[in-house]
Amino acid sequence: MTLVEVVMALAITGLTVAGIVSGYVYCTTAAVKAELAQAANAKALERIEETRSAIWAPDRASPVDQLVATNFPDLVVTLDLPGTNSAGTSATIQTLITPISSSPPIRRIRVDCIWQFRGVELVTNSIETCRAADQ
């Protein structure tokens, strides 16, 4: 074998190993991001359930309305990654409640979970639902 053949074989081997390593790094990064997105969805769903459990009964003799945005202020939570000892990622939960209709009474509830991935990319997980008044 000549020196040129050896150098070419090493170059091809180096490119192959670099491709494998970069593919592994990409896959682990994507897995961590997917885990954080799933944790953010879970936190947003928790807030949706809190709004669903609020009493909103405008047709009672003494009307009750706990379904207002001031009852659900912005909340800073931690998105934990299971199986790791890391501190997790901070996220902010924002709740927006707007009326859709007054007859029948229906409100739109939108919950945003805003978090930052690797200190660079800002990600928002949003969930929306509609809610009618209590019967």
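As the structure is a prediction and not an experimental result, all values here were calculated from the model. (Residues numbered from 1 in each chain as written. Predicted model: local features only at pLDDT ≥ 70, side-chain atom pairs only at ≥ 80, totals over all residues. Heavy atoms only, no water.)

## What to know about the overall build of the protein chain
1) Next: Regarding its fold elements, the protein chain presents 1 helix and 6 strands.
2) Next: Going from N to C terminus, the protein chain has its helices and strands arranged as α-β-β-β-β-β-β.
3) Next: Taking the principal axes of the C-alpha coordinates as reference, the protein chain spans close to 95 × 30 × 20 Å.
4) Next: When the accessible surface of the protein chain is summed, it comes to about 8,900 Å², and 61% of that surface belongs to carbon and sulfur atoms.
5) Next: Of the charged side chains in the protein chain, 10 are positive and 13 negative; the average position of the first set lies 5 Å away from that of the second. (Helix = DSSP H or I, 4+ residues; strand = E, 2+ residues; numbered from the N terminus. Areas by Shrake-Rupley, 256 points an atom, 1.4 Å probe, with all protein chains shown as cover. Lys, Arg positive; Asp, Glu negative; His and termini not counted. Charge placed at Lys NZ, Arg CZ, Asp CG, Glu CD.)

## Digging into unusual backbone geometry
1) Next: The omega angle of the peptide bond from Ser-103 to Pro-104 is 0°, so this bond is cis rather than trans.
2) Next: Even without a glycine there, the phi angle at Arg-118 is positive, about 55°.
3) Next: Within the secondary structure, Arg-118 sits in the loop between strand E5 (105–117) and strand E6 (121–132).
4) Next: Taking the relative accessible area as the measure of exposure, Arg-118 reaches 56% and is therefore exposed. (Buried < 20%, exposed > 50% of the residue type's maximum accessible area, 1.4 Å probe, protein only.)

## Concerning the environment of Ser-102
1) Next: Mapped onto the elements, Ser-102 comes out in strand E4 (residues 89–102).
2) Next: Overall, Ser-102 belongs to the exposed group, its relative accessible area being 70%.
3) Next: Note: C-alpha distance between Ser-102 and Ala-132 (30 residues apart in sequence) is 10.0 Å.

## Considerations on the nonpolar core
Grouped burial of nonpolar side chains is what soluble globular proteins tend to show.
1) Next: Counting 23 residues, the largest nonpolar core has Leu-67, Leu-79, Cys-113 and Trp-115 as its most contacted members.
2) Next: Mapped onto this core, the elements with two or more residues apiece are helix H1 (3–53), strand E3 (75–79), E4, E5 and E6.
3) Next: Excluding its chain neighbours within four sequence positions, the residues that come into contact with Cys-113 are Ala-40, Ala-44, Leu-79, Ala-91, Thr-92, Ile-93, Val-123, Thr-124 and Asn-125. (Core = buried A, V, L, I, M, F, W, Y, C linked by side-chain atoms within 4.5 Å. Contact = heavy atoms within 4.5 Å.)

## Things to note about the confidence of the model for the protein chain
1) Next: Here the protein chain averages 90 in pLDDT, while 96% of its residues score no lower than 70.
2) Next: Mean pLDDT per element in the protein chain: strand E1 (residues 56–57) is the minimum at 90, and E5 is the maximum at 94. (pLDDT = per-residue confidence, 0-100.)

## Re the pattern of salt bridges
1) Next: Considering all chains together, one arrives at 7 salt bridges under this definition.
2) Next: Notably, a salt bridge pairs Glu-50 with Arg-47, separated by 3.1 Å at the nearest N-O pair. Linking Glu-50 with Arg-47, this pair stays in helix H1, spanning 3 residues, or about one helical turn.
3) Next: A residue is classified by how much of its surface remains accessible, and Glu-50, at 37% relative accessible area, is partly exposed.
4) Next: In this structure Arg-47 comes out as buried when scored by relative accessible area, which is 5%.
5) Next: Salt-bridge contacts for Glu-128 lead to Arg-108; the nearest nitrogen and oxygen are separated by 3.3 Å. Of this pair, Glu-128 sits in strand E6 while Arg-108 sits in strand E5, and the two are 20 residues apart along the sequence.
6) Next: The exposure class assigned to Glu-128 is partly exposed, which follows from its relative accessible area of 42%. (Salt bridge = Lys/Arg side-chain N within 4 Å of Asp/Glu carboxyl O.)

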